[in-house]
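Summary of structural features
The primary structure of each chain is shown beneath.
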Amino acid sequence: MSILTKYILEKYLLHFIIVLISLQLFFVGMDFLQNSKDLPSSANLQLLYLMYNSFFTLTLTLPLSLVFGWILTLVIFVRNNELVAFTSLGAKRSDIYSPVVLISLILLLVLISIQMTPMAYSYEQKKKILEGSYFSNTKTDIFLKYDDKFVYFKKLYPLQKQAEDIHIYKVEDKDIVETIIAKKAYFQNDKWYVVDAKIVKKPKELNFETSKLEVRYEKFLNTLEGFKPKILDNVYESKSNFSIIDAVNALLLLSKQDVNTDKIRAAIYYETVIPFFILPLIMLIFVFTSYNRRFFNIGSFTSFSIFGTLVIWGLFFMLHKFSNSGVIKPEFSLLIPMAIWFLGSYFIYRKKNRV
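Reference entry: report on the structure contained in this document.

So, how was this worked out
- Sequence order as written defines residue numbering, which begins from 1 separately in each chain.
- Side-chain atom pairs in this predicted model are given and counted only at pLDDT of 80 or more, local residue features only at pLDDT of at least 70, and totals for whole chains, interfaces and linings cover all residues.
- Side-chain numbers here rest on the full set of heavy atoms in the structure, without hydrogens or water.
- Going along the chain from the N terminus, every DSSP run of H or I of four or more residues is numbered as a helix, and every run of E of two or more is numbered as a strand.
- Only protein chains enter the accessibility calculation, which uses a 1.4 Å probe; a residue is then buried when its area is under 20% of its type maximum, exposed when over 50%, and partly exposed in between.
- In what follows, residue pairs with any heavy atoms lying within 4.5 Å of each other are defined as contacts.
- Reported accessibility uses the Shrake-Rupley method at a 1.4 Å probe radius. Residues are deemed covered only where the shown protein chains occlude them.
- In these notes, a set of buried Ala, Val, Leu, Ile, Met, Phe, Trp, Tyr and Cys residues joined through side-chain atoms within 4.5 Å is what counts as a nonpolar core.
- To define axes, lines are fitted to C-alpha atoms, for helices over the stretch in contact only, and angles between the resulting N-to-C directions are given on a 0 to 180 degree scale.
- By the definition adopted for this analysis, an angle is roughly parallel if under 35 degrees, roughly antiparallel if over 145, roughly perpendicular if from 65 to 115, and oblique otherwise.
- Put simply, a crossing is left-handed when the front helix is turned counterclockwise from the back one by less than a right angle, and right-handed when it is turned clockwise.
- Under the grouping applied here, Gly and all other residues not named as nonpolar or charged are polar, the nonpolar ones being Ala, Val, Leu, Ile, Met, Phe, Trp, Tyr, Cys and Pro and the charged ones Asp, Glu, Lys and Arg.
- For this document, the term salt bridge refers to a Lys or Arg side-chain nitrogen within 4 Å of an Asp or Glu carboxyl oxygen.
- Residues qualify for a patch when their relative accessible area is over 30% and they have no salt bridge, like charges being joined within 9 Å and the nonpolar side chains of Val, Leu, Ile, Met, Phe, Trp and Tyr within 5 Å.
- Strands are labelled as partners when DSSP assigns at least two bridges between them.
- Only Phe, Tyr and Trp rings take part, Trp by its six-membered ring, and two of them pair if their centres are within 6.5 Å. Stacked means planes under 30 degrees apart, edge-to-face means over 60, and tilted covers everything else.

Thoughts on the overall build of the protein chain
Counting its regular elements, the protein chain contains 11 helices and six strands. Counting all 355 residues of the protein chain, 43% fall into the buried class. Counted over contacts in the protein chain with a minimum sequence separation of 6, partners at least 24 positions apart contribute 63%. Carbon and sulfur atoms provide 62% of the accessible area of the protein chain, an area that totals close to 19800 Å².

This is the structure we're talking about:
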């Protein structure tokens, strides 16, 4: 690593950390002040609320801080005539911004890795603390399709991996041929184990004189292999977030069930692809920076750069909401605009570089 690269990274990381801490304190502090009256009196729960809220806002503040930190760094470089000094030493444009792009890429990958952990459910957890339901996690009246079965859970406890009042209907040719009824079931070894199950089987051929229902009882019965409680919870909860691992598992599982997976695909794209929208921004902001402070309006540059960053982020956020609500397919609302943004930024960069 060259001395120039070390110097640029030191300045950039310092400004990035300052901006990140400032944004985190602002968002987390404002949220805490707004909801302090509704929070429980327990200091432990309040600290947990702050922790979960900090991780939740990090998904917003970290990408923005990467860009804002770069804007601040460039402004200081221009004011101190450091960009002129860099070029006089033989540094190319790419030598100046490529270290920033690389470190931003690494930090975004760290953010994505956090989204693979239980911290991806930070918003859900902080909401439970606010509603006073942190220690209880129950979903009721869940009805879903799985393979050739329709499953009804009166109560689902995702954290405990248990369910109560279960009805499982096996369907063949649009006809119910078997029903499993039980009071309790629990998830273990990637299967649901139904306890004290009552199995009612309907005869294939109905005859008034000879046909009869076949009823039998099973102490333990395993079924619904691979249908994880957290996947059940998130698919059922329309506003719930997904961790990347749970989202991929849900996508692989539900794609086989002819179930609409738009919401799941939108979550995967938004968490793994959209954060990289800042990389073209870093290069574009740099190429529109003047090396000479005499002919450079720092106020206009800063305002336009921050405004442009917020507009681009807002557009992708809006498109994510559209895809999450099912208005537009996530491939059309997220992946294609992202590809257009990268290609457009590349052509603008090449054109500006020739001037």
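Focus: helix α8 (residues 262–272)
Counting buried residues in α8 gives nine out of 11 residues, a clear majority hidden from the surface. Of the positions making up α8, those classed as buried are D262, K263, I264, R265, A266, A267, I268, Y269 and E271.

Focus on the nonpolar core
Core analysis: the largest hydrophobic core is formed by 61 residues, its most contacted members being L62, W70, L83, I96, F277, F286 and W341. Contact partners of L62, with chain neighbours within four places excluded, come to F16, L20, L107, L108 and L111. Grouped together as the second largest cluster of nonpolar side chains are 18 residues, L144, V151, L156 and I180 included.

Side note on the packing of helix α2 (residues 43–79) against helix α9 (residues 278–287)
Direction vectors running N to C along α2 and α9 enclose 10°, while the axes themselves pass 10 Å from each other. If you check the angle between α2 and α9, you find them roughly parallel. Where α2 crosses over α9, the two elements pack in a sense that is right-handed. Along the contact surface, α2 presents P63, L66, V67, W70, I71 and L74, while α9 presents I278, L281, I282, I285 and F286. Within the contact of α2 with α9, the residues separate by chemical class into 11 nonpolar, no polar and no charged.

A few points about the pattern of salt bridges
This structure, assessed with the given rule, holds three salt bridges. R265 serves as the salt-bridge partner of E331, at 2.7 Å between the closest nitrogen and oxygen. Here the residue E331 occupies a position in helix α11 (residues 330–354), and R265 occupies one in helix α8, the gap between them amounting to 66 residues. The class of R265 is buried, set by a relative accessible area of 15%.

Quick look at a nonpolar patch on the surface
Taken together, the side chains of F307, V311, L315, M318, F322, V327, I328, F332, I336 and I340 make up a nonpolar region of the molecular surface, amounting to roughly 920 Å² of accessible area. For the nonpolar patch, the secondary-structure elements that each account for two or more residues are α10 (298–324) and α11. Examining the composition of the nonpolar patch, we find that five residues originate from one element, α10, more than from any other. Its location among the elements puts M318 in helix α10.

Describing the environment of L343
Here L343 shows up in helix α11. Its relative accessible area of 52% is what places L343 among the exposed residues. The spatial distance from the C-alpha of L343 to the C-alpha of P280 is 9.3 Å, given a sequence separation of 63 residues.

Brief notes about the side chain of E178
Within the secondary structure layout, E178 lies in strand β4 (residues 175–188). Ignoring anything within four residues of it in the chain, the contact list for E178 reads I168, Y169, K170, I199, V200, K201 and R216.

Focus on unusual backbone geometry
Notably, N81 is not glycine yet its phi reads approximately 60°, a positive angle. Residue position: N81 is located in the loop between α2 and α3 (82–88). The class for N81 is partly exposed, based on a relative accessible area of 36%. Despite not being glycine, D196 has its phi angle at roughly 50°, a positive value. Residue placement: D196 occurs in strand β5 (residues 191–201). A relative accessible area of 46% means that D196 is categorised as partly exposed.

Notes on the pairing of β5
Where β4 meets β5, nine bridges bridge the pair, whose relative direction is antiparallel. Paired with T179 across the two strands is V200, which belongs to β5. Here β4 hands over to β5 after two residues, with N189 in that stretch at a positive phi of 55°. Across nine bridges, β5 lies against strand β6 (residues 214–223) in antiparallel orientation. Pairing of I199 across the sheet is with R216, part of β6.

Here's the deal with the packing of aromatic side chains
Inspection of every chain in the model, using the stated rule, returns 15 aromatic pairs. Ring geometry for W313 versus F317: centroids 5.3 Å apart, planes at 20°, classification stacked. Placement of the pair is W313 and F317 together in helix α10, with a separation of four residues, close to one helical turn. Here the aromatic cluster, defined as three or more aromatic residues joined through ring pairs, consists of Y12, F16, W70, Y97, F286 and Y349.

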